[in-house]
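Examination of the molecular architecture
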Amino acid sequence: MTELTCLKAFNDGLRQMMDADDDIFVVGEDVGRKGGVFGSFTGLIDEFGERRMVDTPISEQAIVGLGIGAAVSGLRPVVDLMFMDFVLVAMDQLANQAAKLKYMFGGSARLPVTITTNGGAGLSAAAQHSQSLEAMLCHVPGLKVVMPSTPYDMKGLLVSCLRDDNPTVLVKNKRMFGVKGEVPSELYEVPIGEARIARQGADVTVVAYSRMASESLAAADELAAEGIDCEVIDLRSVQPIDIDTVVESARRTNRIVVVHEAVRFAGLGAEIAAQVSEHAFDYLDAPVARVAAPFAPVPFSPALEACYVPDASRIAAQIRATLDRGQRPSG
Amino acid sequence: MTAPSHEVLRDIHRRMVRIRLFEEAAGRIFEAGRMPGFIHLYVGQEAVAAGVCAALRDDDQVSSTHRGHGHLVAKGGDLSRMMAELMGKATGYCGGKGGSMHVCDLDLNMLGANGIVGGGVPIAVGAGFANKYRANGAVSVAFFGDGATNIGAFHEAANMAAALELPVLFVCENNEYAEFTPRDQTMAIDDVVERAAAYGMPGTKVDGMDAVAVFEATAAAADRARQGGGPSFVECKTYRYYNHHGVQTLGMKYRSDDEVKEWRDRDPVPRHEDLMVSVGAMTPDRIAAVRDEIAAEVEAAIEFAEQSPMPDPADLLADVYSGPADQRQPLPPA
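Residues numbered from 1 in each chain as written. Chains lettered and ligands numbered in written order. Predicted model: local features only at pLDDT ≥ 70, side-chain atom pairs only at ≥ 80, totals over all residues. Heavy atoms only, no water.

Here we look at the sheet that holds strand β6 (residues 144-146) of chain A
All names here are of chain A. With mixed pairing, 7 strands are arranged side by side in an open sheet as β3-β2-β4-β5-β7-β6-β12. Strands with a single pairing partner mark the edges of an open sheet, and in this sheet they are β3 (53-55) and β12 (237-239). Averaged over all adjacent pairs, the angle separating strand axes in this sheet is 20°, with direction ignored. Packed on one face of the sheet, helix α1 (residues 6-20) meets β2 (24-28), β3, β4 (76-81), β5 (114-119) and β7 (168-173) and runs near 130° to β2. Helix α3 (residues 60-72) contacts β2 and β4 of the sheet and is inclined by roughly 170° relative to β4. (Pairing = 2+ DSSP bridges. Helix = DSSP H or I, 4+ residues; strand = E, 2+ residues; numbered from the N terminus. Axes fitted to C-alpha atoms, helices over the stretch in contact; angles between N-to-C directions. Contact = heavy atoms within 4.5 Å.)

In structure tokens:
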């Protein structure tokens, strides 16, 4: 075990995987000499050279398409899209091609492509560099989507993605790169589709992922002082979702609050609320609540962005309201 | 460039006739209402797929288009599995999950027909990347139409292949129509190949009704790519005899009868047969025998497809993902 940041855990995991398998290469904008826009790929070009750290033109469709063509030809590409917002530029290749080829071809294709990208708000990057678009990706059969919240999960989920024969999307949250945690030095997998109970509790279940999992834990700490015992589930994967763990917890605590950074309307919270109502309706003592961004683009000014992105205090306020059986906190 | 051997001429011919007879049969079955969905027939363009694929190695990959049957046949596709797929049968190439627009045979390095115009072009570039990465000497071919060169994916892919010096052949089948709209209404240039210069790749314009011309242009471009010379662009001037979709489906009148006749008078199949007879590569009797043999293969394919079972509804969710079905099944109601 070593203490690493999320960024270093990603970098270390990738380096070890590339070292073990020549079929793995990285392709994207500024992944080579620059080492990635946030430093995710720092130093890898020194070890693996330009053959395996491929700087490309600014061409998201062709970058993803290159990954698909290389994958069906037997390689295991890591395709980097600098910002999650740019997923939209590549959506045909992602959603119409990568996600569907296996099924359309009657199972004969294998598509071990890992798409890595950086999502989330909070850096005053405004509406085209701050989005959380996971719901759009989760809606497409054939894709898997993971959103780790700790250095341990970052490395373990990256390894799982790289070993998976399906197109996977790994979303790093831009405000979590510096978060530290214990990470084993050897390679290990965190299974895709398995949630983690980050904190056990009896009064209410908070379901979150990515940076909102840490915000939810902070809210739980705050509420513990008030005698409220929160269970926090970190989904880790948002496609597939570990709904069993969520439902089992809901049946114990009888209250659910879902938290995400993406906008509330048609977000993951809606899907989780629906599935919880299908499988735990009779156990619920309050409506499933959601804490999420409002239905607006991400604003630029720090003064506005602070109101936009959910945080521990808003999560805590919603938990209190849910425990009071009210739907929404006042104010 | 030396003229193709008699063996190559016969090889090209067989590929063309297999496409022609398969497509004519598929068109008849479709118009008779015995085939579901859409069908985009390749009839008229045979010299392109046959000329290109005859110049390729087995390990060279091709990506294709919505008008993709010809590319799979030319790569050596099994007509029975193709016909079964077109009919939505379990024995088809895709088990009935893809249909006409997604026929593929990855074992033959045919990376699939594609329902999105231009969508297959970046995929061919990826295959070319893999070939360079492995230094295996293989090349990839992106087939696409004139209309596809107007979509962003084509531009990104062409520029990427040139920038990364990948062994990729961009083969434009210019049949002069983007669905029902004539090419001169969708671009302000006379020859699509003019676009190649913008990517810094060599471009050649050939008569796409002349299989030998297509073969020779492809062989030259493939040689160049195999030797590390990067991508090339080959524009094949060709024509589809039938409608964008089906044979006469939709009944839209967007081309004059004279225009269609003018192109049909230059039919690539009899033209190639005449050439073979004139150079002594095949006798008329032998040509007739090959046609009969392939007609029997097509009849057998139809018989196979019609006798094949429909897919089992239990397989509806199979192959969404590789590996164990890890989409979690809903829990039983509480």
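Here the narrative resumes.
Some remarks on the nonpolar core
Nonpolar side chains in soluble globular proteins tend to end up buried together. One finds M83(B), F170(B) and F233(B) to be the most contacted residues of the largest nonpolar core, which totals 169 residues. The element that contributes the greatest number of residues to this core is helix α1 (residues 6-31) of chain B, accounting for 11 residues. Mapping this core onto the domain boundaries places at least three of its residues in each of domain 1 (2-183) and domain 2 (196-323) of chain A. If you look at the next biggest cluster of nonpolar residues, it comprises 29 residues, including I24(A), V31(A), F41(A) and M53(A). (Core = buried A, V, L, I, M, F, W, Y, C linked by side-chain atoms within 4.5 Å. Buried < 20%, exposed > 50% of the residue type's maximum accessible area, 1.4 Å probe, protein only. Domains from an automatic or database assignment.)

Quick notes on the interface of chain A and chain B
Listed per partner, the contact involves 58 residues of chain A and 45 residues of chain B. Ranking the residues of chain A by area buried against chain B places Y103(A), M104(A) and F105(A) at the top, with a combined share of 17%. At the junction of chain A and chain B, the tally comes to 1 salt bridge. Close ionic contact of R134(B) with D23(A) constitutes a salt bridge, the shortest N to O distance being 3.6 Å. Where chain A touches chain B, the interface holds 20 residue pairs in polar contact (both at pLDDT 80 or more). Sorting the residues of the side of chain A that touches chain B by element identifies β2, α2 (44-52), β3, α3, α4 (91-98), α5 (101-104), α9 (243-253) and α10 (268-280) of chain A as the ones contributing at least two each. Looking at the side of chain A that touches chain B, the element that brings in the most residues is α3(A), giving 10 residues. For the side of chain A that touches chain B, the per-class residue count stands at 24 nonpolar, 18 polar and 16 charged. (Buried area = accessible area lost by both parts, 1.4 Å probe. Salt bridge = Lys/Arg side-chain N within 4 Å of Asp/Glu carboxyl O. Polar contact = N/O pair within 3.5 Å; in protein donor to acceptor, adjacent residues only side chain to side chain. Nonpolar A, V, L, I, M, F, W, Y, C, P; charged D, E, K, R; others polar.)

Side note on helix α6 (residues 152-163) of chain B
In an α-helix, one turn spans 3.6 residues; hence positions three or four apart end up facing the same way. With 12 residues, α6(B) should cover 16 Å at 1.5 Å per step; its first-to-last C-alpha distance of 16 Å lies within 8% of that length. Regarding α6(B), the residues found buried are A153(B), F154(B), E156(B), A157(B), A158(B), M160(B), A161(B) and A162(B). Looking at the buried residues of α6(B), the elements they touch are α3 of chain A together with α5 (121-134), β2 (140-145), β3 (168-174) and β7 (232-237) of chain B. Of the residues one or two after α6(B), E165(B) is the one with positive phi, at around 50°. (Expected span 1.5 Å × (residues − 1).)

Some thoughts on unusual backbone geometry
Residues and elements named next belong to chain A. Backbone torsion omega between Q239 and P240 reads 0°, so that peptide bond is classified as cis. Among the secondary structure elements, P240 is positioned in the loop between β12 and α9. Its identity is not glycine, yet A266 carries a phi of approximately 60°, on the positive side. Tracing the sequence through the fold places A266 in the loop between β13 (256-263) and α10. Under the relative-accessibility criterion, A266 is labelled exposed at 52%.

Structural notes on the packing of aromatic side chains
If you walk through the whole model with that rule in mind, you get 19 aromatic pairs over all chains. Ring centres of F25(A) and Y133(B) lie 5.3 Å apart, and the angle between their planes is 40°; this geometry places the pair in the tilted category. Here Y133(B) lies in helix α5 and F25(A) lies in strand β2, a pairing that spans two chains. You can call F25(A) buried: its relative accessible area is 0%. On the basis of relative accessible area, Y133(B) is assigned to the buried category, the value being 6%. Between Y152(A) and Y188(A), the aromatic rings sit 4.6 Å apart at their centres with planes inclined by 25°, giving stacked as the arrangement. Here Y152(A) is found in helix α7 (residues 151-163), whereas its partner Y188(A) is found in the loop between β8 (180-183) and β9 (196-199), with 36 residues between them in sequence. Classification of Y188(A) by relative accessible area gives buried; the value is 10%. Ring-pair connections join several aromatic residues into one group, and the members of that group are F144(B), F154(B), F170(B), Y199(B) and F233(B). The lysine or arginine in question, K172(A), covers the ring of F10(A), its NZ or CZ lying 4.1 Å from the ring centre. (Phe/Tyr/Trp six-rings, centres within 6.5 Å; stacked < 30°, edge-to-face > 60°. Lys NZ or Arg CZ within 6 Å of the ring centre and 35° of its normal.)

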